[in-house]
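The lines below spell out each chain.
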Amino acid sequence: MRNLAFVSAFMTALVVIPSDGTAGGGVTVIPRPAVMDLREGVFVLTDRTGIVCNEDSGTGAYLRDLLARVTGYPFPVCSAGNPEESGTPPMAGPAKTGPSFPQDDRIRLTLVDEPVLGGEGYRLEVGDSGVDLRARTPAGLFHAAQTLLQLFPAGVFGPTADSAVMWTVPHVSILDTPRFAWRGMHLDVCRHFFPVEFVKRYIDYLAMYKMNTFHWHLTDDQGWRIRIEQYPRLTEVGAWRDGSMVGPYSDMKFDSVRYGGYYTQDQVREVVAYAAARHVTVVPEIEMPGHSLAALASYPELSCTGGPFEVGKAWGVYEDVFCPTETTFTFLENVLDEVCALFPGRYIHIGGDECPKTRWKECANCQALMKKEGLADEHELQSWFIRRIERYLNSKGKQIIGWDEILEGGLAPNAAVMSWRGTEGGITAARQKHHVVMSPGSHCYFDHYQGDPAFEPLAIGGFTPVEKVYSYEPVPEELGPEEARYIMGAQGNLWAEYIATPEHAEYMAMPRMGALAEVLWSPRRGRSWEDFLPRLIRHMAVLDLLGVNYSTSLFQLKAEVRPGSSGRGTGYALATPLEGGEIRYTTDGAEPTPSSALYEGPLRIDSSCVVRAGYFRDGALQGRVVEQAFTISLSTGKAVKLKTPPDRRYPGSGGFTLVDGVRGHPERFGKGWIGFQGPDLDAVVDLGTETVVTSVTVDFFKGEGSWIHLPRSVEVWVAAGPPGDASALPSTFETVGRVGSNEIASAGNIVRIDFPARSGRFIRVVAKGAGKIPAGLPGEGNDAWLFVDEITVE
């Protein structure tokens, strides 16, 4: 890998790597090789070790440069004849023509005709006679080199020579081939722009994990990032926006800072060559027909309305899209001509996702085109659009791939599909005998949270921890063996709405990238989280030396709020992320230390407090401290009945969420809230016994950008318990308080209703939703969402 600055310390309490490169009695290689036989003994690098190639091997020079940097040894590279073009990084200086070092002190790289290895597989043998890397292709040799490097002590990835280390590799025999042909990572450079040096570093990470596809998302509503010589306004205008969204999407707040950037064609060539040298193919994405506002701001004549437009400042989807006119197709074909010349790979990604049809429905030209072509609706018009672009790219020797919306209205004849909205699109395409790349948001969207949102940087939402990524199976179980052949593989996506810096991008990608890489390379049989986890922890020493700002959410305690015993208070259960170690906690908000109270079982919380807990190993805190504030009231932990259950997308813990003592985060909806779209909240809290009450407080979430509105009214009733059946609800309630929209707007997201003291057992709360979203607001005409959390009774 590249020489990155050392920016973080070893996790010494977790990672111990002996000098023979092994740890815990095994080796630390990610992704896990298909077949690996670890043997007794080690191979030791010396100042006499040389590298022998049977071709002009850039991989040989790559190994020489890296090993020489950290060992201080020269590592001469010698040719064994039969040179072939490798397509890998060129050797610095001429190779020697014959060996000048001992036969048993060599690293040999050999191209062989061994069909079982396929296009990317390899054999790696380490023994008394030296190190042998064998493959059918230069790509296979490069993958073998990545495995070899991970077999060394982690210091091989360090920035400088370390004379104190004995550079050894365990004796081992490996036969390794990838499970899937497409093993990819995506990077969005439109919402936030990343410099060339980071893009190259990102590609290095892919190469280390034997991933072979870099999906470069280059155009979108918020910025056009690639110079097109025939259309200079794309980067003069389209690459810059006059402000960006700041904070949660629901706040709809913006700064006024001019923001942007783009890549020159020379920079694109530099990145493509850099990736090719590491056997990574770059797939550019040029969005069409939607997500095209930056292009329309540059050339408004490509729209249905003629503009004017400005480059998008808000995240999300815009109504204005490319209009399917001859002017637009001439523009797109000219753009694609320049793109095809820059990217030698087979595929061009044309987007195709989230294309609103509003402008097309209102456009006389679009309606006339639909009538002329016999198209039933605007979905078929999009399919016609994509088919025309496909024909053009096919004529240039390229294939198209697009997000799964390109299925709508009919799939273009030769198109491949990237399935992101679950697995359904991939299943449909595979059954139609189209190639598929799986990338569902559930497992492959690395812009989602990977730890408790309360302790993580702001993200778009979701929850995709590294364990969930590792559990992913790319081949849907609905497909038979023949259909499954069309699943090319999968990729992780890093959308950058909330990722503004390279350091943050690394945090979101790592270590999830390594988990996905193993899913895509290693055989399904034999893979297990229990095997992967200790290897991943040891591998973090490598990430430290590379200066990667990876997430440590893996070490975060798992916390769960539960109903308290006998309907009293609430319970707080904690679990360690790994075997061994212990949990220490405080209940006064103080930082936990190794001498704090030892956690021995779920805590009963029956008074308001702040619990802070940490995971300790050998007296050292691992990961972040977990903090949870509890607000305990008469209603905490009591039984709740809901007239209508919450929406399945935001169920929380059902009625218990309303009385668990934990107030939802006021800026992040999702965890801690229950959501209703259409139905009102109608909840009855059973206090268990007759109790004097004087107030009820209800928390609501406001996020109009996400269609979440405050209620138009909140009303509270009180009732005594009915005689006889203790579980039956009373037939009549007494109204004790009501507030309307004006009072709610003034109160904000916390609505408190005070009333004269009443004695009762049952508290009924009804919050009327806002109804249809008014014109001019996001989601206009749709049912507003109502998000509710804690009902506090005093």
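As the structure is a computational prediction, the values presented were derived from the model and not from experiment. (Residues numbered from 1 in each chain as written. Predicted model: local features only at pLDDT ≥ 70, side-chain atom pairs only at ≥ 80, totals over all residues. Heavy atoms only, no water.)

(A) Summary view of the overall build of the protein chain. Of regular secondary structure, the protein chain possesses 18 helices and 37 strands. Against the compact-globule benchmark of 28 Å for 794 residues, the protein chain has a radius of gyration of 30 Å, which places it among compact chains. Its C-alpha atoms put the protein chain at 100 × 75 × 50 Å along the principal axes. When burial is assessed residue by residue, the protein chain has 59% of its 794 residues classed as buried. Summed over its atoms, the accessible surface of the protein chain is roughly 30400 Å², and 50% of this surface lies on carbon and sulfur atoms. (Helix = DSSP H or I, 4+ residues; strand = E, 2+ residues; numbered from the N terminus. Rg over C-alpha atoms; globule rule 2.2 N^0.38 Å. Buried < 20%, exposed > 50% of the residue type's maximum accessible area, 1.4 Å probe, protein only. Areas by Shrake-Rupley, 256 points an atom, 1.4 Å probe, with all protein chains shown as cover.)

(B) Looking closely at the environment of Ile-226. On the secondary structure map, Ile-226 appears in the loop between strand E13 (223-224) and helix H4 (233-236). Distance from Ile-226 to Gly-238, taken between C-alpha atoms, is 9.9 Å for residues twelve residues apart in sequence. Apart from residues lying up to four places away in sequence, Ile-226 is in contact with Leu-218, Thr-219, Thr-235, Tyr-262, Tyr-263, Val-268, Ile-286, Leu-342 and Phe-343. (Contact = heavy atoms within 4.5 Å.)

(C) Looking closely at the environment of Gly-462. Relative to the helices and strands, Gly-462 is located in the loop between helix H12 (441-444) and helix H13 (466-470). Sequence separation between Gly-462 and Tyr-445 is 17 residues; the distance between their C-alpha atoms is 8.7 Å. The contacts of Gly-462, once residues within four sequence positions are left out, are His-448 and Tyr-449.

(D) Representation of the pattern of salt bridges in the model. With the rule as written, the count across this model stands at 45 salt bridges. The shortest N-O distance in the salt bridge between Arg-179 and Glu-473 comes to 2.9 Å. Of this pair, Arg-179 sits in the loop between strand E9 (168-176) and strand E10 (182-188) while Glu-473 sits in the loop between H13 and helix H14 (481-484), placing them 294 residues apart in sequence. On the basis of relative accessible area, Arg-179 is assigned to the partly exposed category, the value being 29%. (Salt bridge = Lys/Arg side-chain N within 4 Å of Asp/Glu carboxyl O.)

(E) Focus on the sheet that holds strand E27 (residues 597-598). In spatial order, the strands read E27-E26-E29-E30; together these four strands make up an open sheet with antiparallel pairing. Looking along the sheet, the strands with just one partner apiece sit at the ends: E27 and strand E30 (620-630). With eight bridges connecting them, strand E29 (residues 609-617) and E30 associate as antiparallel partners. Looking across to E30, one finds that Val-610 is bridged to Ala-629. (Pairing = 2+ DSSP bridges.)

(F) Focus on the packing of aromatic side chains. Overall, the coordinates contain 29 aromatic pairs when judged by the stated rule. Aromatic side chains Tyr-445 and Trp-495 sit 6.4 Å apart centroid to centroid with 45° between the ring planes, which places their arrangement in the tilted category. In this pair, Tyr-445 is assigned in the loop between H12 and H13 and Trp-495 in the loop between strand E23 (487-492) and helix H15 (502-509), connecting sequence segments 50 residues apart. Both residues of the pair, Tyr-445 and Trp-495, count as buried. For the ring pair Tyr-585 and Tyr-599, a centre distance of 6.5 Å and an interplane angle of 80° mean the geometry is edge-to-face. Note that Tyr-585 is positioned in strand E26 (residues 582-586) and Tyr-599 in the loop between E27 and strand E28 (603-605), a separation of 14 residues in sequence. Assigned by exposure class, Tyr-585 and Tyr-599 land together as buried. Chaining the aromatic ring pairs together yields one cluster made of Phe-193, Phe-194, Phe-198, Tyr-202, Phe-214, Trp-216, Tyr-263 and Phe-343. Taking NZ or CZ as reference, Arg-388 lies 4.2 Å from the ring centre of Phe-329, over its face. The lysine or arginine in question, Arg-527, covers the ring of Tyr-470, its NZ or CZ lying 5.2 Å from the ring centre. (Phe/Tyr/Trp six-rings, centres within 6.5 Å; stacked < 30°, edge-to-face > 60°. Lys NZ or Arg CZ within 6 Å of the ring centre and 35° of its normal.)

(G) Up close: the packing of helix H9 (residues 364-373) against helix H10 (residues 378-395). Relative to each other, H9 and H10 sit at 80°, their axes nearing to 10 Å. Between H9 and H10, the angle is such that the two are roughly perpendicular. Taken together, the residues of H10 that come into contact with H9 (itself represented by Cys-366, Gln-367, Leu-369, Met-370 and Glu-373) are Glu-378, Leu-381 and Trp-384. Residue composition of the contact of H9 with H10, grouped by class: five nonpolar, one polar and two charged. (Axes fitted to C-alpha atoms, helices over the stretch in contact; angles between N-to-C directions. Parallel < 35°, antiparallel > 145°, perpendicular 65-115°, else oblique. Nonpolar A, V, L, I, M, F, W, Y, C, P; charged D, E, K, R; others polar.)

(H) Spotlight on the state of the cysteines. By the definition in use, this model includes zero disulfides. The thiol sulfur of Cys-355 is not disulfide-bonded, and the nearest other cysteine sulfur, from Cys-304, lies at 9.3 Å. Residue classification places Cys-355 among the buried residues on the basis of a relative accessible area of 9%. (Disulfide = S-S within 2.5 Å.)

(I) Spotlight on the side chain of His-217. Mapped onto the elements, His-217 comes out in strand E11 (residues 213-217). Judged by its relative accessible area of 0%, His-217 falls in the buried class. Within the structure, the side chain of His-217 is placed 2.7 Å from the side chain of Asp-220, a separation counted as a polar contact. Separated by 2.6 Å, the side chains of His-217 and Glu-285 make a polar contact. Apart from residues no more than four positions distant in its own chain, His-217 is found in contact with His-186, Leu-187, Asp-188, Val-189, Cys-190, Arg-191, Glu-285, Glu-287 and Trp-495. (Polar contact = N/O pair within 3.5 Å; in protein donor to acceptor, adjacent residues only side chain to side chain.)

(J) Quick peek at the sheet that holds strand E25 (residues 570-575). Taken in spatial order, the three strands make up an open sheet running E24-E25-E28, and their pairing is antiparallel. Each end of this open sheet is capped by a strand with a single partner; those strands are strand E24 (558-563) and E28. Each neighbouring strand pair of the sheet contributes to a mean axis angle of 25°, computed without reference to strand direction. As defined by bridge partners, E25 adjoins E28 across three bridges and the pair is classed as antiparallel. Of the residues in E28, the one forming a bridge with Thr-570 is Ile-605.

(K) Spatial organisation of the nonpolar core. Counting residues in each nonpolar core, the largest one holds 184 residues, and the members touching the most others are Leu-133 and Trp-216. Ranked by residue count, the leading element in this core is helix H17 (residues 529-546), at eleven residues. In this structure Leu-133 touches Leu-63, Ile-107, Arg-108, Leu-109, Thr-110, Arg-123, Leu-124, Leu-141, Ala-144, Ala-145 and Leu-148, once residues within four positions along its chain are discounted. Residues Leu-681, Ala-683, Phe-700 and Val-736 belong to the second largest nonpolar core, which totals 31 residues. (Core = buried A, V, L, I, M, F, W, Y, C linked by side-chain atoms within 4.5 Å.)

(L) Focus on the packing of helix H3 (residues 196-208) against helix H5 (residues 265-277). The geometry of H3 relative to H5 is characterised by a closest axis approach of 10 Å and an angle of 15° between their N-to-C directions. With respect to H5, the element H3 is oriented roughly parallel. Crossing handedness for the pair H3 and H5: right-handed. Residues Val-196, Glu-197, Val-199, Lys-200, Ile-203 and Asp-204 of H3 lie in contact with H5, whose contacting residues are Gln-267, Glu-270, Val-271, Tyr-274 and Ala-275. A per-class count over the contact of H3 with H5 returns six nonpolar, one polar and four charged. (Left-handed = near helix turned anticlockwise from the far one by under 90°.)

(M) Structural view of the pairing of E11. In terms of burial, E11 is a largely internal element, five of the five residues being buried. Covered by surrounding structure in E11 are Thr-213, His-215 and His-217 together with Phe-214 and Trp-216, the residues of both alternating faces. Note: E10 against E11, five bridges, orientation parallel. When the bridges of E11 are listed, Gly-184 appears paired with Thr-213. Between the parallel pair E10 and E11, the chain is carried across by H3, and the sense of this crossover is right-handed. One ladder, built from five bridges, connects E11 with strand E18 (residues 281-288); its direction is parallel. Looking at E18, one finds that His-217 is bridged to Glu-285. (Right-handed = clockwise from strand over helix to strand, strands pointing away.)

(N) A look at unusual backbone geometry. Pro-31 follows Ile-30 through a cis peptide bond whose omega is 0°. Positionally, Pro-31 belongs in the loop between strand E2 (26-27) and strand E3 (35-44). That bond from Gly-307 to Pro-308 is cis: its omega, 5°, falls within 30 degrees of zero. With a phi angle near 60°, Lys-210 is a residue other than glycine that sits in the positive phi range. Among the structural elements, Lys-210 can be located in the loop between H3 and E11. Of the residues examined, Lys-210 reaches a relative accessible area of 1% and is grouped as buried.

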